[in-house]
Amino acid sequence: MLFLVAALLVLGVLLGAVAHLPVPVAAAAGLVIALWLSLFAAREGLSGRRRAARPHHDRGGLR
């Protein structure tokens, strides 16, 4: 819960700061962030598929 409050606080500060930027600068920054998140999501999706395709090996521990 504390993490959620901190995240909302940071979001409020960032939105307050972006209100003082010119619209083209804010739009460019938003586009860069969206591109970065898209690349991250694609990489994680591919990583999950590769991880699921590999067989799991027993670590030799007691069950």
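Refer to the preceding data block for the structure.
Asker: What exactly am I supposed to notice about the overall build of the chain here?
Answerer: When its secondary structure is counted, the chain shows two helices and zero strands. When burial is assessed residue by residue, the chain has 0% of its 63 residues classed as buried. When the accessible area of the chain is evaluated, it comes to approximately 6,100 Å², of which 74% is carbon and sulfur surface.

Asker: Which parts of the structure should I look at to understand a nonpolar patch on the surface?
Answerer: Judged by side-chain polarity, Met1, Leu2, Leu4, Val5, Leu8, Leu11, Leu15, Val18, Leu21 and Val25 come together as a nonpolar surface patch covering roughly 1,000 Å² of accessible area. No other element matches the seven residues that helix H1 (residues 2-18) contributes to the nonpolar patch. Note on placement: Met1 falls in the segment before H1. Judged by its relative accessible area of 78%, Met1 is exposed.

Cut-offs applied
Residues numbered from 1 in each chain as written. Predicted model: local features only at pLDDT ≥ 70, side-chain atom pairs only at ≥ 80, totals over all residues. Heavy atoms only, no water. Helix = DSSP H or I, 4+ residues; strand = E, 2+ residues; numbered from the N terminus. Buried < 20%, exposed > 50% of the residue type's maximum accessible area, 1.4 Å probe, protein only. Areas by Shrake-Rupley, 256 points an atom, 1.4 Å probe, with all protein chains shown as cover. Patch = residues over 30% accessible without salt bridge, like charges linked within 9 Å, V, L, I, M, F, W, Y side chains within 5 Å. Salt bridge = Lys/Arg side-chain N within 4 Å of Asp/Glu carboxyl O.

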